[in-house]
Amino acid sequence: MKKFFQLISLLLVVLLIQSCSSLNYSKNDQEKISLKKELPKKVSLLDGFDKKAFPNKPNVIEKMIAVVQPELKAENRDKIAKQMSKALEKHKVEPQIMVAIIDTESNFYSNKVSSTGDLSVAQINPDVWNRELVRLKREPIDLKRIKTDQEYALTRMAEILEILKKRYAKSDSKWYARYHSNTRHLKKGDVKNLV
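Before going into details, it helps to say that this report is about the structure given with it.

The rules we used
Residues numbered from 1 in each chain as written. Predicted model: local features only at pLDDT ≥ 70, side-chain atom pairs only at ≥ 80, totals over all residues. Heavy atoms only, no water. Helix = DSSP H or I, 4+ residues; strand = E, 2+ residues; numbered from the N terminus. Buried < 20%, exposed > 50% of the residue type's maximum accessible area, 1.4 Å probe, protein only. Contact = heavy atoms within 4.5 Å. Areas by Shrake-Rupley, 256 points an atom, 1.4 Å probe, with all protein chains shown as cover. Axes fitted to C-alpha atoms, helices over the stretch in contact; angles between N-to-C directions. Parallel < 35°, antiparallel > 145°, perpendicular 65-115°, else oblique. Left-handed = near helix turned anticlockwise from the far one by under 90°. Phe/Tyr/Trp six-rings, centres within 6.5 Å; stacked < 30°, edge-to-face > 60°. Lys NZ or Arg CZ within 6 Å of the ring centre and 35° of its normal. Salt bridge = Lys/Arg side-chain N within 4 Å of Asp/Glu carboxyl O. Polar contact = N/O pair within 3.5 Å; in protein donor to acceptor, adjacent residues only side chain to side chain.

What to know about the overall build of the protein chain
- If you tally the helices and strands in the protein chain, you get 11 helices and 0 strands.
- Per-residue burial for the protein chain yields a buried fraction of 42% across its 195 residues.
- At a minimum sequence separation of 6, the contacts of the protein chain that also span at least 24 residues come to 61%.
- Total accessible area on the protein chain is roughly 11,400 Å²; 52% of this is exposed by carbon and sulfur atoms.

Below, the structure written as structure tokens:
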């Protein structure tokens, strides 16, 4: 969880720097401007990060991915960004949340399998989520497809995040932290406590 919030902090700092650098300053002027002077003294980098309205556009998502995974090849970042954007059109979740979770959970590796059975770039646990999806009368996760189809995995991740957001966002500002947890009862698949 600590790594998750560190990555979010890094992402926000870079996005802030990028937005400042898009102003019409020369390179020398930009170097002279201190972020410390530009920001209010008591600003927390996490304040409202999940409430910020970043556009759901592949080029914006690709830049976010480049910040947290600069070693990922540009064509892979572009492909993932397009797939994420498509998933987020259907399921209304902030792109920065999805990027931060994927970076924390799988480092954008689509073939990753965790010791608890979480699969794909999205690190979804089908045993836990299929029970809940069936209860909600939604299509269960296709085990074969989630392992081989990255776009499918990202769409299912966005769907799960949307479920969590609708349930918890009003009462828990960090609702997205429920996507995964290190607590014992969640690892055992106790869906009542998860969703």
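Notes on the packing of helix α5 (residues 74-90) against helix α9 (residues 150-168)
- Running from amino to carboxyl end, α5 crosses α9 at an angle of 40 degrees, the nearest separation of the two axes being 9 Å. The angle between the axes of α5 and α9 places the two elements in the oblique class. Crossing hand, α5 versus α9: right-handed. On α9, the residues touching I80, Q83, M84, K86, A87, L88 and K90 of α5 are Q150, E151, L154, T155, A158 and E162.

So, the environment of P126
- Within the element layout of this structure, P126 appears in helix α7 (residues 126-135).
- Note on P126: relative accessible area 4%, which makes it buried.
- Considered as a pair, P126 and P140 are 14 residues apart in the sequence and their alpha carbons are 8.2 Å apart.
- Dropping the residues within four chain positions of it, P126 is found in contact with G117, L119, I141 and L143.

Quick look at the packing of aromatic side chains
- By the definition in use, this model includes 1 aromatic pair.
- Summarising the aromatic geometry, the rings of W175 and Y176 are spaced 5.6 Å apart at their centres and angled 75 degrees between planes, so their arrangement reads as edge-to-face. Residue W175 shares its accessibility class with Y176, and that shared class is buried.
- Above the ring of Y168, the side-chain terminus of R178 is found at 3.7 Å from the ring centroid.

Side note on the pattern of salt bridges
- Enumeration according to the criterion identifies 10 salt bridges in this entry.
- K82 is the partner of D78 in a salt bridge, and the nearest nitrogen-oxygen pair spans 3.2 Å. Of this pair, D78 and K82 both sit in helix α5, separated by 4 residues, roughly a single helical turn.
- Residue D78 is classed as partly exposed on the basis of its relative accessible area of 31%.
- The residue K86 makes a salt bridge to E151 at a minimum N-O spacing of 3.0 Å. Within this pair, whereas K86 is found in helix α5, its partner E151 is found in helix α9, the two being separated by 65 residues in sequence.

Some remarks on α7
- All of the buried residues in α7 are P126, V128, W129, N130, E132 and L133.
- Measuring from the backbone nitrogen of D127 back to the side-chain oxygen at the start of α7 gives 3.1 Å, which picks out N125 as the cap.

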